[in-house]
Amino acid sequence: MAAARPLGLFRNINAKIAAIPMVLTALVVFTGGTIWTVVYSFTNSKLLPREKFVGFQQYERLWGTERWNVAIENLLIYGACMVVFSLVIGFVLAALLDQKIRFENTFRTILLYPFALSFIVTGLVWQWLLNPDFGIQSVIRALGWESFDFDPLYNADIVIYGVLIAGLWQGTGLVMCLMLAGLRGIDQEIWKAARVDGIPMWKTYIFIVIPMIRPVFITTLVIIASGIVRLYDLIVAQTGGGPGIASDVPAKYVYDYMFQGQNLGQGFAASTMMLLAVLVVIIPWAYLEFGGKKRV
Amino acid sequence: MTFRTILMAGTALCAGSAVSAADLEVTHWWTSGGEAAAVQQFATEFEGQTEHKWIDGAIAGGGGTARPVMVSRIIGGDPMGAFQFNHGRQAEELIEAGLLRDMTHVAEAEGWTDIVNPPSLLDACTVDGKIYCAPVNIHSWQWLWLSNGAFETAGVDVPANWDEFVAAAPALKEAGIQPMALGGQPWQSSGAFNVLMATLAGPDVLQKVYGDGDADLAGGEEMARVFKAAEDMRGMVEGSNVQDWNQATNLVITDAAGGQIMGDWAQGEFAVAGEVAGEDYTCLPGLGVIEVLSTGGDAFYFPETGDAEIEAAQDALAATLLKPQTQVAFNLKKGSLPIRGDVDLASANDCMKKGLQLLADGKTMPDVNMLNTEDTNNQLNDLFVQFFQDPSISADDAQARFVSIVENKD
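Residues numbered from 1 in each chain as written. Chains lettered and ligands numbered in written order. Predicted model: local features only at pLDDT ≥ 70, side-chain atom pairs only at ≥ 80, totals over all residues. Heavy atoms only, no water.

(A) Focus on the packing of aromatic side chains. Going through the model one piece at a time under the given rule, you end up with 43 aromatic pairs over all chains. Ring geometry for Phe 42 of chain A and Tyr 59 of chain A: centres 5.4 Å apart, planes at 40°, overall tilted. Taken together, the residues Phe 42 of chain A in the loop between α1 (13-40) and α2 (57-63) and Tyr 59 of chain A in helix α2 connect sequence positions 17 residues apart. On the basis of relative accessibility, which here comes to 22%, the residue Phe 42 of chain A falls in the partly exposed class. Through a chain of ring-to-ring contacts, the aromatic side chains of Phe 193, Tyr 210, Phe 227, Phe 384 and Phe 402 of chain B assemble into a single cluster. The ring of Phe 387 of chain B is capped by Arg 234 of chain B, whose NZ or CZ atom sits 4.4 Å from the centre of that ring. (Phe/Tyr/Trp six-rings, centres within 6.5 Å; stacked < 30°, edge-to-face > 60°. Helix = DSSP H or I, 4+ residues; strand = E, 2+ residues; numbered from the N terminus. Buried < 20%, exposed > 50% of the residue type's maximum accessible area, 1.4 Å probe, protein only. Lys NZ or Arg CZ within 6 Å of the ring centre and 35° of its normal.)

(B) Quick look at the pairing of strand β2 (residues 53-58) of chain B. Residue and element names in this part refer to chain B. When strand β1 (residues 23-28) meets β2, the two strands line up parallel, connected through six bridges. Paired with Leu 24 across the two strands is Trp 54, which belongs to β2. A crossover connection joins β1 to the parallel β2 through helix α2 (residues 33-49); in handedness this β-α-β unit is right-handed. (Pairing = 2+ DSSP bridges. Right-handed = clockwise from strand over helix to strand, strands pointing away.)

(C) Molecular detail of the sheet that holds strand β9 (residues 257-261) of chain B. Residues and elements named next belong to chain B. An order of β8-β9-β7-β10 is seen for the four strands of this open sheet, with the pairing classed as mixed. In this open sheet, the two strands that pair with only one neighbour each are β8 (178-180) and β10 (281-285). Across the sheet, the axes of successive neighbouring strands diverge by a mean angle of 20°, strand direction being ignored. Across two bridges, β8 lies against β9 in parallel orientation. (Axes fitted to C-alpha atoms, helices over the stretch in contact; angles between N-to-C directions.)

(D) Region of interest: the sheet that holds β1 of chain B. All names here are of chain B. One open sheet accounts for five strands, arranged β2-β1-β3-β12-β6; its pairing is mixed. Where the open sheet ends on each side, the last strands, each with one partner, are β2 and β6 (133-135). Geometrically, the sheet is characterised by an average inter-axis angle of 25° between neighbouring strands, direction not taken into account. Against the sheet, helix α3 (residues 63-75) makes contact with β1 and β3 (82-86), and its axis sits at roughly 135° relative to β3, the strand it touches most. (Contact = heavy atoms within 4.5 Å.)

(E) Molecular detail of the nonpolar core. Ranked by internal contacts, the top residues of the largest apolar core, which has 135 residues, are Trp 112, Trp 162, Phe 193, Met 233, Ile 261 and Phe 402 of chain B. With eight residues, helix α13 (residues 221-237) of chain B is the single largest residue contributor to this core. If you look at the next biggest cluster of nonpolar residues, it comprises 37 residues, including Val 159, Met 176, Met 179 and Leu 234 of chain A. (Core = buried A, V, L, I, M, F, W, Y, C linked by side-chain atoms within 4.5 Å.)

(F) Looking closely at the interface of chain B and chain A. Taken together, the contact between chain B and chain A spans 27 residues of the former and 30 residues of the latter. Carbon and sulfur atoms make up 61% of the area that chain B and chain A hide from each other, which totals about 2900 Å². Counting the contacts that link chain B with chain A gives three salt bridges. With a closest N to O distance of 3.1 Å, Asp 375 of chain B and Lys 46 of chain A form a salt bridge. Here chain B and chain A share nine residue pairs in polar contact (both at pLDDT 80 or more) between them. Residue contributions to the side of chain B that touches chain A peak at eight residues, all from helix α20 (residues 374-389) of chain B. (Buried area = accessible area lost by both parts, 1.4 Å probe. Salt bridge = Lys/Arg side-chain N within 4 Å of Asp/Glu carboxyl O. Polar contact = N/O pair within 3.5 Å; in protein donor to acceptor, adjacent residues only side chain to side chain.)

(G) A look at the domain arrangement of chain B. All names here are of chain B. Per the domain assignment, the segments of chain B are domain 1 (4-139 + 296-351) and domain 2 (143-294 + 373-407). Relative to domain 2, the C-alpha centre of domain 1 lies at a distance of 30 Å. Interface of domain 1 and domain 2: buried area, both sides summed, is about 1100 Å²; carbon and sulfur atoms make up 53% of it. Summed over the shared surface of domain 1 and domain 2, the result is one salt bridge. A salt bridge links Arg 67 to Glu 374; its shortest N-O distance comes to 3.3 Å. At the boundary of domain 1 and domain 2, one finds three residue pairs in polar contact (both at pLDDT 80 or more). Broken down by class, the residue content of the side of domain 1 that touches domain 2 amounts to three nonpolar, six polar and three charged. (Domains from an automatic or database assignment. Nonpolar A, V, L, I, M, F, W, Y, C, P; charged D, E, K, R; others polar.)

(H) Focus on a nonpolar patch on the surface. All names here are of chain A. A contiguous nonpolar patch, built from Leu 9, Phe 10, Ile 13, Ile 17, Ile 20, Met 22, Val 23, Leu 24, Leu 27, Val 28, Val 29 and Phe 30 and spanning about 1200 Å² of accessible area, is present on the exposed surface. For Val 29, the location among the structural elements is in helix α1. Judged by its relative accessible area of 31%, Val 29 falls in the partly exposed class. (Patch = residues over 30% accessible without salt bridge, like charges linked within 9 Å, V, L, I, M, F, W, Y side chains within 5 Å. Areas by Shrake-Rupley, 256 points an atom, 1.4 Å probe, with all protein chains shown as cover.)

(I) Examining the side chain of His 28 of chain B more closely. Residue and element names in this part refer to chain B. Positionally, His 28 belongs in strand β1. Side-chain polar atoms of His 28 contact the side chain of Asp 56, separated by 3.0 Å. With sequence-adjacent residues up to four places away left out, His 28 is seen in contact with Val 39, Asp 56, Gly 57, Ala 58, Ile 59, Met 70 and Gln 84.

(J) The side chain of Asp 98 of chain A, seen in detail. Residue and element names in this part refer to chain A. Its place among the elements puts Asp 98 in the loop between α3 (66-97) and α4 (104-112). Its relative accessible area of 14% is what places Asp 98 among the buried residues. Once residues within four sequence positions are removed from consideration, Asp 98 is found in contact with Leu 180, Leu 183, Arg 184 and Tyr 205.

(K) Spotlight on the confidence of the model for chain B. Confidence along chain B averages 87 in pLDDT terms, with 95% of residues attaining 70 or more. This stretch, residues 7-21 of chain B, has a pLDDT under 50; its non-local contacts, to residues over four places away or in other chains, come to 16 contacts. (pLDDT = per-residue confidence, 0-100.)

(L) Fine view of the pairing of β3 of chain B. Residue and element names in this part refer to chain B. Of all five residues making up β3, five are buried, and the element is well covered by its neighbours. Residues Ala 82, Gln 84 and Asn 86 point to one face of β3 and Phe 83 and Phe 85 to the other, with burial holding for every one of them. Summarising the sheet, β1 and β3 pair through two bridges and their orientation is parallel. The residue bridging Val 26 from the neighbouring strand is Ala 82, located in β3. Where β3 lies against strand β12 (residues 298-301), four bridges are found, and the strand directions are antiparallel.

Set out below in structure tokens:
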């Protein structure tokens with residue numbers, strides 16, 4: 001009886017049948033859609049897709065466009081600042097909350113609350129807060145500091161930082177919660193041992209605790225990074241890409257050219273570049289992360 | 001980002017709603033006060049003159065938002081009964097793909113070729129000798145709206161042309177008045193530039209640059225003057241932190257700004273505010289330099305549905321839209337000019353009469369939408385919104401980028 005083991009293919013047949021829809025979705029919708037987009041980015045499709053191949057023309061135009069370069073630059077600034085600040089602020093907040101303080105639940109709720117708001121609401125709220133005539137600037141001027149200037153949304157040079165403030169306000173709470181969960185997973189014995197050895201608390205955090213919660217950092221990083229690449233609604237709600245084109249981002253460029261500009265080819269080329277940028281980051285990382293483990 | 005098309009199809013499916021026989025769903029983006037009142041006239045006339053029913057499908061957010069929604073419904077296989085576009089090249093590909101109905105039979109029965117004035121409007125609806133749309137109004141961009149009150153405060157005469165306006169700018173600034181209002185939306189920047197181009201360099205230059213893609217002309221002396229004027233304008237609009245065009249118009253209405261370059265739809269705002277042309281505000285067609293009006297506007301297109309009852313209703317709507325009484329009722333509310341010269345607009349105000357006179361004299365030019373694809377317009381929007389908001393871009397640099405857009409346009 002035992003010799004008649006079922007073939008590998010038919011083992012767990014029910015589970016495999018149940019997985020078929022998901023496999024098909026992944027293959028057809030995700031992979032298929034991606035390939036389709038990449039292929040059509042080499043055509044001069046306008047309003048409707050058409051198979052008229054023009055080589056790298058769309059890409060040449062893309063990289064020759066001022067607006068695309070501004071968008072890429074903005075994404076890099078926003079991305080770098082977002083990763084650094086949300087990790088640092090999130091971790092510091094989590095470490096502070098981890099000191100067995102009173103009203104921890106209340107603080108946690110307050111800090112996580114912005115995450116419950118959509119980017120559209122966040123954008124609108126901060127648009128008003130940063131409006132020089134109604135927001136922070138006017139409040140501080142009303143308090144007597146007449147020369148106080150703070151209108152990032154109307155200054156092309158710093159507008160992306162105005163957006164960054166809103167992004168951090170919205171996203172840091174989640175990072176804090178993830179970190180806090182990680183910190184809670186640390187065995188209290190480790191703290192005791194560190195204290196016995198006379199290691200100062202900050203050193204314990206940096207050299208012992210952070211390496212121990214590395215998986216949490218990686219999860220958090222992936223969540224932050226995906227939020228950065230798809231940055232779109234915050235910009236639309238807060239600045240509309242303005243002043244001028246100063247706060248444009250790649251996702252907005254893609255949308256504008258695909259739909260408003262009725263130039264699918266250009267939009268596909270831009271979205272392919274976005275995909276490429278993501279792959280450039282993910283492939284080496286995945287290789288290090290998963291390739292390394294097999295050898296162990 | 002990669003799955004836009006699937007998303008598009010999905011949106012189209014979700015937006016699906018059954019249209020029962022002879023109920024004609026009409027989508028448009030006329031949602032502001034005056035616009036909604038105007039489109040109501042269509043509905044009333046349509047339901048009064050025919051047995052069909054008008055189902056209103058207004059989409060808020062302007063053409064940029066509404067057009068993608070409409071297009072995705074049509075290519076997603078759930079077409080509405082009729083939809084509004086600006087006539088020109090916006091619907092070009094939908095026609096080529098056979099998604100829109102040929103309305104030549106209605107045009108012939110109603111004699112559109114004889115009544116539509118200027119004839120270029122009907123040309124913009126025509127592809128390969130077949131007529132695909134019903135033009136309903138004429139909107140022109142080339143207007144300078146000036147606040148009489150603002151100039152009085154500054155102690156200077158109300159300018160009679162662009163140069164006088166530029167010369168009056170320092171006096172306005174001194175009096176604490178914003179010399180010129182310009183909203184932050186991209187289309188307003190490129191629109192204003194195209195007006196400068198049409199009036200300072202002349203309609204022929206615009207026609208050659210956009211119509212024929214003449215890159216030498218785009219980089220030439222005449223255009224350099226236009227870019228210089230645009231630089232002057234940038235100095236005048238600096239500090240007008242508004243977004244929407246009607247907010248900018250409101251600055252002129254409240255005498256907080258000296259003037260604004262905006263199409264004739266701005267007139268509706270002055271009317272709603274109870275301002276009187278000639279007394280409270282002044283309008284200068286063609287910026288007082290070259291009196292010429294572009295003849296863009298709105299038109300209705302009719303998607304292919306394959307349903308005989310819908311087709312009958314479409315025919316009836318197309319015929320109704322161009323009837324004299326519909327034209328009068330609609331255009332008085334909309335502030336636009338009628339597409340037929342044989343109707344009586346006795347109750348039109350001063351500015352509208354100036355427009356009608358120019359139209360009757362044949363001082364018209366094609367609209368930019370008829371010459372450029374949306375793709376090119378989008379590139380121009382990007383260039384000029386940046387130029388007008390960022391003083392660090394020189395006129396020469398902007399012109400160089402302009403030339404490269406013209407070179408590569410299709």
